[in-house]
Structures are given as C-alpha cells and as structure tokens.
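# Observations on chain architecture
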Amino acid sequence: MIKNYFFKVVAVILLAFTFSCDNTTDDPINNNKNNPNTGSSGSGGSTITGPRILHKIVVNNVTNQEFVTTGNILQKAIFKETSGPASFLIGEPTYTSGKISKVKFWQEVNGSVPANGIGYEFIITYDSAGKINYTTCQTTLGSTQHFNMEYSYNYDGSGKLTKIAEKKKSGSTYVQFTNYNFTMTGDNITKMSAETGATTPSGAPDPSVSVTTTNYNYSSYDSKINPYNTLPKTFFVTWALVHPFNFSALSANNYTGLNIEAISPVSPTPIPVSSYTLSFLYDSMNYPTSDQSQAQKYIYKAL
C-alpha cells in the first residue's frame, strides 16, 4: 500500500520488520506508562504460565514494537522506524460493538507529526459471519489528502483468506490495483503473491501496462504459538496493508524460513530480494521468548 508501484518499493517493505511506537513524547516507547507490573516471559521476570498478551518486542535492548493494552483490548501499537532513533509509526484502533471498525496510522518524529508525514485511516466492515468483507483507506501527506484505497476480500469454503483486492484512487480516478493472493497450509500463510498494475479510470486492470509481482514464500514454520495471535487479527490485516511484509502476523505459527522474490516486465524470471532463516527459544507454554541468539526478545503481559 505504501507504493506507486509495488516492485519499486520492496526496500520500503523490508523496513517494516523492525517497527515500534506511542504518541506522547519524543520517545513514546520509553515514556509509555503501560509497563507490566509483574515479570513476564522474556522480560527477565517471573514466567507467565497462563493467558497472556504480547506487550513488547525488544531487539538488542531497544524496544522495536510495543502494544498498549487494557486487559485483552488493544488500545495502541507503537512501531519504531528504522529511519531514526525517534521516528515512530503509531496505530490506533477504534471499536464498535466490540469489533475494530477503524484503524488510524500516523508518523511521529521527535514527538510531533512531520509536515509531510504519511497517515492512513482504514474503515472496516464485516459480513454476517464476522469476517472482513470490505475496507477503505484514506491516505494523507501531512494535511493533504493523497490517495484513497478500496479493498475487497475473498475466502475459500473453509473460511480462510485467499485474496485481498486493492484499488487505488487519485481523486475520483482509479490509477492502480494490487491483488494480494494467499496460499494457505493449515492456518499458516505459505505464500503471499502481490500483483500490481495500472488501471483504467473506471478501475479495470489496464491490459496495456505490464504487471509487477512480489512473492513472499514462507518455506517453513514451527509448531508453536505466534505471539501476534494474542492481539486482534483485524488490526494486523491493516498493518500488513501498510507494510505487506507483515502478513505473516496472521499465521497461527512462527515462520522459520522466508524468501522474497520480485518479477517485473524487464525481468520475468524471479529475482531474489531477501531471505531469512529464523529459530526461537520458547517457554513451557509454547510461546516464543526470544530468537535463538536472544537478541530479539518477546515480552508478554499476564491476563
């Protein structure tokens, strides 16, 4: 979604893996008052043995992601951007009848919104079965409206997500589409293929313009609990539409192998972009507490 053409911003997508934030001072993570009162798995305190919710992800002793919660309700997510020590992306959900109906994201640098900072406001609707069936998103650059997006959702017969179709508008004119296609194995996404191209002004794909594709191939998963599953999946759908790298947050388990490849009109053969091999340490309840090197730690709050 942060793109004119998806292929041109693969580098931006890769930044999303190291995000976290809050919006009160110039260092919202370190000044956040939502710290757990008791020790939690991965924090060096006592081990949680019952229900819990993800609170922080810390990398090399720096908080990269923080989730502000009241009980099991997500109030705010704070992602540290790689662009600077005091640059944050902040996400805030709004609830209607117990379901997330809106999510806003905005940037903060040194405690304030930059003049050209990008913002997103997602409005979410559900079908009678409680699944997301339509989403809109208005993006802004500072105080100026930028693009509008429309999203429709497809599911298979068992209710698993198979596709999110995005149409981007500039003013009242459609300019671009992106189809996010999902391959599922069990409850894990094993492949996400993002196809992007131009549209006609009415929103139909323009056959005269070639499509670019970015494939995310999740080659392996563990059998343990994905920490993001302790938080609402609807929020992470919108987060992934901002940074598609993060669709793995919707999987039930933790991916241990990932390779990203790009296909463009000038290179129809897939070009490797990045690859990752991960391993984790777990607590007795099958939640990750850190990666194998213990550089990245997962901190939870007891419920």
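Since the structure is predicted, the reported quantities are computational estimates derived from the model, not experimental observations. (Residues numbered from 1 in each chain as written. Predicted model: local features only at pLDDT ≥ 70, side-chain atom pairs only at ≥ 80, totals over all residues. Heavy atoms only, no water.)

## Structural notes on the overall build of the protein chain
Cut-off, in case you're wondering: Per the convention used, a helix needs a DSSP run of H or I reaching at least four residues, while a strand needs a run of E reaching at least two, with both numbered from the N terminus. Only protein chains enter the accessibility calculation, which uses a 1.4 Å probe. A residue is then buried if its area is under 20% of the maximum for its type, exposed if over 50%, and partly exposed in between. Should any heavy atoms of two residues lie within 4.5 Å, those residues are considered in contact. Throughout, the Shrake-Rupley method with a 1.4 Å probe supplies accessible areas, and for residues the shown protein chains are the sole cover considered.
Looking only at helices and strands, the protein chain features 2 helices and 17 strands. Split into buried and exposed, the 303 residues of the protein chain put 49% on the buried side. In the protein chain, 49% of the contacts between residues at least 6 apart in sequence involve partners at least 24 apart. Accessible surface, the protein chain: about 13,200 Å² in total, of which carbon and sulfur atoms supply 51%.

## Let's talk about the pattern of salt bridges
As a reminder of what qualifies: Throughout this description, the term salt bridge denotes a Lys or Arg side-chain nitrogen within 4 Å of a carboxyl oxygen of Asp or Glu.
Taken as a whole, this structure holds 3 salt bridges when the rule is applied. With its nearest N and O atoms 3.1 Å apart, the salt bridge here joins Asp-283 to Arg-52. Of this pair, Asp-283 sits in the loop between strand 15 (280-282) and strand 16 (288-291) while Arg-52 sits in strand 1 (residues 52-59), placing them 231 residues apart in sequence. Comparing Asp-283 with Arg-52 shows no difference in burial state: the two are buried. Between Lys-104 and Glu-121 there is a salt bridge whose closest N-O contact spans 4.0 Å. Of this pair, Lys-104 sits in strand 5 (residues 99-109) while Glu-121 sits in strand 6 (residues 118-126), and the two are 17 residues apart along the sequence. With a relative accessible area of 29%, Glu-121 lands in the partly exposed category.

## Considerations on helix 2 (residues 233-242)
Buried residues dominate helix 2, accounting for 9 of its 10 residues. Among the residues of helix 2, those classed as buried are Thr-234, Phe-235, Phe-236, Val-237, Thr-238, Trp-239, Ala-240, Leu-241 and Val-242.

## Side note on the side chain of Glu-261
Here is the rule: Positive charges come from Lys and Arg alone, negative charges from Asp and Glu alone, with His and the N- and C-terminal ends not counted.
By the element assignment, Glu-261 lies in strand 13 (residues 255-264). Put simply, Glu-261 is tucked away with no salt bridge, and the nearest opposite charge, on Lys-191, sits 5.3 Å away. Sequence-distant contacts of Glu-261, defined by excluding residues within four places in its chain, comprise Thr-213, Thr-214, Asn-215, Asn-217, Pro-270, Ile-271, Pro-272 and Val-273.

## Comments concerning the pairing of strand 1
Short version of the rule: Here a strand pair is declared whenever DSSP counts at least two bridges between the two strands.
Extensive coverage of strand 1 is indicated by the burial of 7 of its 8 residues. In the sheet, strand 1 pairs with strand 17 (residues 296-302) via 7 bridges, with the strands oriented antiparallel. Bridge assignment links Val-59 to a residue of strand 17, and that residue is Gln-296.

Read these as geometric descriptors, not functional statements.
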